[in-house]
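Below, each chain spelled out in residue letters.
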Amino acid sequence: MSDREAPSSDDLSLPKATVQKIVSEIIPADLVFSRETRDALIECCVEFIGLISTQANDIAEGEAKKTIASEHVIKALQELGFADYIEPIREVIQEHKETQKQGRERKVGKFEASGMTEEELLRKQEELFGLARSKLNQEGGTSG
């Protein structure tokens, strides 16, 4: 992980429109947020992400892990003095896990809802492929 060369900070940024939208939702409507201020905020965010990522990477490497897990990020926040962010991040992680689980259940649900065995579904798929090939061959023959 740390054997990779990190891109220069000039190469890293966040989408300006997204940052502007987030800021606009937070500050009162009668306040103006200048471009220079937005750009400075983006630089701070990139620096913060880099700081947390570096610390989480060091923690993962210390555990001989090749993947930075959410717990590494949480531990990095704790070590760097950002403990106030830990509980909100745990909530986001839990929401993400639930969303992923629902997606997996939906995929399984479609198969089960079909009421067909895997072999029946494969036969049906081959039949549909055959029909599509026939149609393509017929259209190809009439255009030439």
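- Looking at an unreviewed UniProt entry, one finds the protein named Histone-fold-containing protein, with Lipomyces orientalis as its source organism.

## What to know about unusual backbone geometry
And step 1. Backbone geometry places Ala64, a non-glycine residue, at a positive phi of 60°.
And step 2. Looking at the secondary structure, you find Ala64 in the loop between helix 2 (35-62) and helix 3 (70-79).
And step 3. Here Ala64 falls in the exposed class, since its relative accessible area comes to 70%.

## Looking at the nonpolar core
And step 1. One finds Ile52, Ala56, Ile59, Ile74, Ala76, Leu77, Ile86 and Ile93 forming the largest nonpolar core, which totals eight residues.
And step 2. Contributing elements (two or more residues each) for this core: helix 2, helix 3 and helix 4 (86-114).
And step 3. Leaving out residues up to four positions away in the same chain, Ile74 has contacts with Ile86, Ile89, Arg90 and Ile93.
And step 4. In this structure, Val19, Val23, Phe33 and Val46 belong to the second largest nonpolar core, which totals five residues.

## Considerations on the packing of aromatic side chains
And step 1. Considering all chains together, one arrives at three aromatic pairs under this definition.
And step 2. On the basis of an interplanar angle of 90° and a centroid distance of 5.1 Å, the ring pair of Phe48 and Phe82 is categorised as edge-to-face. One end of the pair, Phe48, is in helix 2; the other, Phe82, is in the loop between helix 3 and helix 4, with 34 residues separating them in the sequence.
And step 3. The class of Phe82 is partly exposed, set by a relative accessible area of 23%.
And step 4. An aromatic cluster is present here, built from Phe48, Phe82 and Tyr85 joined pairwise through their rings.

What counts and how
- Residues numbered from 1 in each chain as written.
- Predicted model: local features only at pLDDT ≥ 70, side-chain atom pairs only at ≥ 80, totals over all residues.
- Heavy atoms only, no water.
- Helix = DSSP H or I, 4+ residues; strand = E, 2+ residues; numbered from the N terminus.
- Buried < 20%, exposed > 50% of the residue type's maximum accessible area, 1.4 Å probe, protein only.
- Core = buried A, V, L, I, M, F, W, Y, C linked by side-chain atoms within 4.5 Å.
- Contact = heavy atoms within 4.5 Å.
- Phe/Tyr/Trp six-rings, centres within 6.5 Å; stacked < 30°, edge-to-face > 60°.

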